[in-house]
Amino acid sequence: GSGVVPATLSMSGSLDMTTGMVASGTLALLGCASLPLSNRHAAQSFENKWMDDATQLEAAIETLFKDALHQIRTELSDSVAPYSRYVKTEGDWLKELSDQMETGISRAHGLRSKI
């Protein structure tokens, strides 16, 4: 910790006990002052990483949903296709019958007017 250097210097005889305590206290104060700065930096770093991960997750989920929706639409279109073809074929056949009936009615009116 912060008292290792003064304790080592004190043991070696370079510093007396009072100087060692003052140096140790000074280092402790500097350490305590730097902790909030370090904590703020760690918190900011964590927040930046969190936001990057959240952005990547959001993009991945959006891609996943788009792929799933595309697959569902394709499967629905494929499953409904035979019925759509049947309805179109029947509609075309009914239109043809309607046209033939209109032609027949028109001819019948023409014949009736000749009689």
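Please read these numbers as outputs of a predicted model, since none were measured by experiment. In this numbering scheme, every chain counts its residues from 1 along its sequence in written order. It should be noted that, the model being predicted, local features are given only for residues of pLDDT at least 70 and side-chain atom pairs only at 80 or more, the latter also being counted only at that level, while totals for whole chains, interfaces and linings use all residues. With hydrogens and water excluded, all non-hydrogen atoms of the structure serve as input to the side-chain values.

Asks: Help me understand the overall build of the protein chain in this model?
Replies: Numbering of helices and strands runs from the N terminus; a helix is a DSSP stretch of H or I covering at least four residues, while a strand is a stretch of E covering at least two. Looking only at helices and strands, one finds two helices and zero strands in the protein chain. Each residue is assigned to one of three classes by its accessible area relative to the maximum for its type, calculated with a 1.4 Å probe on protein chains only: buried under 20%, partly exposed between the two thresholds, exposed over 50%. Relative to its 115 residues, the protein chain shows a buried fraction of 2%. To be clear on the numbers: accessible area is Shrake-Rupley with a 1.4 Å probe, and residue cover counts the displayed protein chains and nothing else. Counting every atom, the protein chain has about 10100 Å² of accessible surface; 65% of that belongs to carbon and sulfur.

Asks: So what exactly am I meant to see when it comes to the packing of aromatic side chains here?
Replies: Any pair of aromatic rings gets described here by the distance separating the centres and the angle formed by the planes. Two rings from Phe, Tyr or Trp (for Trp, the six-membered ring) form a pair when their centres sit within 6.5 Å of each other. Planes less than 30 degrees apart are called stacked, planes more than 60 degrees apart edge-to-face, and all others tilted. Under the definition given, this model contains one aromatic pair. With a centroid separation of 6.0 Å and 35 degrees between ring planes, the pair formed by F46 and W50 is classed as tilted. Of this pair, F46 and W50 both sit in helix α2 (residues 17–114), separated by four residues, roughly a single helical turn.

Asks: Explanation requested: the pattern of salt bridges in the structure shown.
Replies: Side chains that carry opposite charge are capable of pairing whenever their charged atoms lie near each other. Throughout this description, the term salt bridge denotes a Lys or Arg side-chain nitrogen within 4 Å of a carboxyl oxygen of Asp or Glu. One pass over the structure, following the stated rule, counts four salt bridges. For the salt bridge of E62 with K66, the shortest nitrogen-to-oxygen distance reads 3.4 Å. Taken together, the residues span about one helical turn, with E62 and K66 both in helix α2 at a distance of four residues. Exposure remark for E62: the relative accessible area of 43% places this residue in the partly exposed category. Owing to a relative accessible area of 54%, K66 belongs among the exposed residues under this scheme. Here D92 ties to K88 by a salt bridge, and the two come within 3.1 Å at their closest N and O atoms. Linking D92 with K88, this pair stays in helix α2, spanning four residues, or about one helical turn.

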